[in-house]
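Spelled out, the chains give:
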Amino acid sequence: MFLHQLDLTTALRPSLLPEETLLFVQDAVGLYEGKYKIPQYQNGQAYLTSHRACYVDHDEPRKFSVAVNLKDVERPEFYAGFLKSSPKITLYPKPSKRLSRGPAGPPLAAPSPSSATPERHGSPSRSLAPSPAPAPPPSATWVCPICSFSNPVPSNFDPAAANARTPLPPCLACGIKPPLVHVVKAAIAAMTNRQSQGGASESITNGGVPSTAGNTGSDLFACPRCTFRNHPSLLTCEMCGASLLSAADKRLENAKSIARAESPGPSINNNPLQQETIESIKFSFRGGGEKIFYERLKNALVQRKWLLQSAPPIPKPRPASGSFEDGYASTSDRAAVDSGRNRIVGIAGLERRGLEQRRNNEAVIGGAFEDLEALMTSAKEIIALAESFASQANIGANGSSEASALASQSAAALGLVTTKDMLGSGSGSESLYVSELSRNLAEWLTDDTSGILKREGGIMTLVDLWAVFNRARGGVELVSPADFEKAARMWDKLKLPVRLRKFKSGLLVVQGRDRTDEKTIASLLAWLRELHNYPPETGASWDWRTYGRGVTAQETAERFGWSVGVATEELEMAEESGALCREQGLDGLRFWENWLVKLPTCTSTLTI
């Protein structure tokens, strides 16, 4: 199939394949199949990657999102739009993905007189398999309607596959190109005469009268004027000259009307994912960005990065021998090469290994920067070397903090960052940038490999998140605080799995959508109940086994991994709900279980 179901991430963006990169994003896009609109696919975003052209619907992205693999695209076509018609980019599938329109030669629907006759024993002139129809003989000629000069029909002319775009040679006398119908009639007439002569001679050779079973078959077309049965390849009746519907034209019309009824409406009702064959897919751009999309689409089709996905490893030069190691050498060959080298252990062995590593790095860097193609091929190795050099340069510096480790671990997750050069120009480009930044943030926060929210206890201040995010981008395409806040406020509108929360004091925090105040209060009360089993560090003048003890914001932050500011806000929120109460003393502010509302059960005796 030409259209494929698209897998989405938690942020409702296309899930990229290995080695796939994002090239362009544009909103206000609809899909067409041929010249018909596809229902439920008229309001979404188009994502262009190095491997696919994707459509993600706005209303129901999980249900109505499709992708077209660029490896299945034969050619793109650009339409600039006219009046109310929006610009469109058409993707035509390769011939293997199209509907088969029959063989290239003339149709063989009607059996010839020789094939209709039962095969006789000992006939050496018969073939077990029907051979394709040969090309028209050079003797076929067409008469010029201008000067009446007889011109030969080209030897490679095929009347079944001919259409309005088929190039025709001009007249040899007057230089005027003939109408297509004249050449088709001449080619079919010459072919019919040759077949009839061949069938008659074959039947006479077999010793019988030429059979007419083929002319009375059900595949023949009756003339609507004189009811004469004509061969299906003829365009006009042989008796009266009335126009006929050839088999080729009928097959083409049936192919165009598959699963589509004749309707004046511009849309179709069938699901494009259920169709095995699709004529073409159009991306209709109603908000601009079609020119940049088309240019980057052509570049992606030229680069064909999907071919590198299963490519063999690049041969690596061996500094010692000068030969290349392609990764496919046998174990015995490697053992023979290694045995020839002197084994050196100890400090000398370490020095030799470091020397070989440096020589290998020099060979990789020198070969990669020779030209652009070599650099693109060795991009992985160059990036790995750059990261290793950066990590070695930071050894001994003050960059070994937890924030540095978090930024380095999450840098790989930022491969889906949408920069402003990936967006189309128009009135909605700013909102599109903010929405894509919001999706990218949500996807980065919910990624299990980075675990940003998990490391921060499930909640994080917006300021800290902005600092970590910009640091992970490595100083490229930094996000301003205003855009960052706008992107965070769009999480609820886009229905993403994270949300922005504002405390009573005005502090903005980021947390998962499944995290509620009731769950936070329950976790705080469970922790305070655990403290009933542990005595306080200093002497207690109360029954600590019954009432427990109070906790500070610093202790709460250490317990749950929050910052001190977030811990203070969560404790005050629990106090406002009535689950906790505060104690203001000389040693600071502490929060207790609210025993003022519910006293512990105890047995006491009253004496008078």
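Check the entry above for the structure.
Source: prediction; values computed, not measured.

Asks: Tell me about the packing of helix 15 (residues 517-530) against helix 17 (residues 553-560), and please be specific about residues and values.
Replies: It is at 12 Å that the axes of helix 15 and helix 17 come closest, and there the two elements cross at 105°. By the angle between their axes, helix 15 is roughly perpendicular relative to helix 17. Contacts from Ser523, Leu524, Trp527 and Glu530 of helix 15 reach helix 17 at Glu555, Thr556, Arg559 and Phe560. Its residues assigned to classes, the contact of helix 15 with helix 17 shows three nonpolar, two polar and three charged.

Asks: Break down the nonpolar core for me, citing the residues and quoting the values.
Replies: Grouped together as the largest cluster of nonpolar side chains are 38 residues, with contacts concentrated most on Leu441, Trp444, Leu445, Leu465 and Trp491. In terms of residue count, the dominant contributor to this core is helix 10 (residues 429-445) (eight residues). No fewer than three residues from each of domain 1 (3-95 + 278-309) and domain 3 (413-512) sit in this core. Apart from residues no more than four positions distant in its own chain, leucine 441 is found in contact with Phe469, Phe484, Ala487 and Trp491.

Asks: How would you summarise the packing of helix 15 against helix 18 (residues 564-576) if you had to cite specific residues and measurements?
Replies: Close contact between helix 15 and helix 18 brings their axes to 10 Å; oriented N to C, the two are set at 95°. The angle between the axes of helix 15 and helix 18 places the two elements in the roughly perpendicular class. For the pair helix 15 and helix 18, contact is made by Asp517, Thr520, Ile521 and Leu524 and by Glu570, Leu571, Met573 and Ala574, respectively.

Asks: Mind laying out helix 18, listing which residues take part and the relevant values?
Replies: The end-to-end C-alpha distance of helix 18 is 18 Å, a good match for the 18 Å that 13 residues give at a rise of 1.5 Å each. Listed as buried for helix 18 are Val566, Ala567, Glu569, Glu570, Leu571, Met573 and Ala574. With its phi angle positive at about 95°, glycine 578 sits one or two positions after the end of helix 18.

Asks: Residue-level account of unusual backbone geometry, with values.
Replies: Here leucine 12, not a glycine, exhibits a phi torsion of approximately 60°, which is positive. Residue position: leucine 12 is located in the loop between strand 1 (4-5) and strand 2 (22-33). Accessibility expressed as a relative area gives 11% for leucine 12, which makes it buried. Notably, glutamine 40 is not glycine yet its phi reads approximately 65°, a positive angle. On the secondary structure map, glutamine 40 appears in the loop between strand 3 (36-37) and strand 4 (44-49).

Asks: Which residues make up the pattern of salt bridges, and what values go with them?
Replies: For the coordinates displayed, the defined rule picks out 16 salt bridges. Between glutamate 77 and arginine 75 there is a salt bridge, with the nearest N and O atoms lying 3.3 Å from each other. Accessibility expressed as a relative area gives 35% for glutamate 77, which makes it partly exposed. Between arginine 489 and glutamate 485 there is a salt bridge whose closest N-O contact spans 2.8 Å. Taken together, the residues arginine 489 and glutamate 485, both in helix 13 (residues 481-489) and four residues apart, mark about one turn of the helix. For arginine 489, a relative accessible area of 48% corresponds to the partly exposed category. Given a relative accessible area of 29%, glutamate 485 falls into the partly exposed group. What emerges from the salt-bridge pattern is a single network uniting Arg13, Glu436, Arg439 and Glu443.

Asks: Can you explain the packing of aromatic side chains? Please cite residues and give values.
Replies: Within this structure, the stated rule accounts for eleven aromatic pairs. On the numbers, 5.5 Å between centres and 80° between planes, the contact of tyrosine 41 with phenylalanine 64 is edge-to-face. Of this pair, tyrosine 41 sits in the loop between strand 3 and strand 4 while phenylalanine 64 sits in the loop between strand 5 (52-57) and strand 6 (65-69), and the two are 23 residues apart along the sequence. Assigned by exposure class, tyrosine 41 and phenylalanine 64 land together as buried. Pairing tyrosine 547 with tryptophan 595 gives two aromatic rings, centres 5.9 Å apart and planes at 90°, and the pair type is edge-to-face. With a gap of 48 residues between them, tyrosine 547 in helix 16 (residues 544-547) and tryptophan 595 in the segment after strand 20 (588-593) connect regions that are remote in the sequence. When its relative accessible area of 32% is taken as the criterion, tyrosine 547 is described as partly exposed. Here a set of aromatic residues connected by ring pairs shows up, and it is made of Phe24, Phe283, Phe285 and Phe293. Note that arginine 75 overlies the ring of tyrosine 92, its terminal NZ or CZ placed 4.2 Å from the centroid. If you follow lysine 88 out to its NZ or CZ, it ends over the ring of tyrosine 32, 5.2 Å from the centre.

Conventions and cut-offs
Residues numbered from 1 in each chain as written. Predicted model: local features only at pLDDT ≥ 70, side-chain atom pairs only at ≥ 80, totals over all residues. Heavy atoms only, no water. Axes fitted to C-alpha atoms, helices over the stretch in contact; angles between N-to-C directions. Helix = DSSP H or I, 4+ residues; strand = E, 2+ residues; numbered from the N terminus. Parallel < 35°, antiparallel > 145°, perpendicular 65-115°, else oblique. Contact = heavy atoms within 4.5 Å. Nonpolar A, V, L, I, M, F, W, Y, C, P; charged D, E, K, R; others polar. Core = buried A, V, L, I, M, F, W, Y, C linked by side-chain atoms within 4.5 Å. Buried < 20%, exposed > 50% of the residue type's maximum accessible area, 1.4 Å probe, protein only. Domains from an automatic or database assignment. Expected span 1.5 Å × (residues − 1). Salt bridge = Lys/Arg side-chain N within 4 Å of Asp/Glu carboxyl O. Phe/Tyr/Trp six-rings, centres within 6.5 Å; stacked < 30°, edge-to-face > 60°. Lys NZ or Arg CZ within 6 Å of the ring centre and 35° of its normal.

Just distances and angles here, no functional claims.
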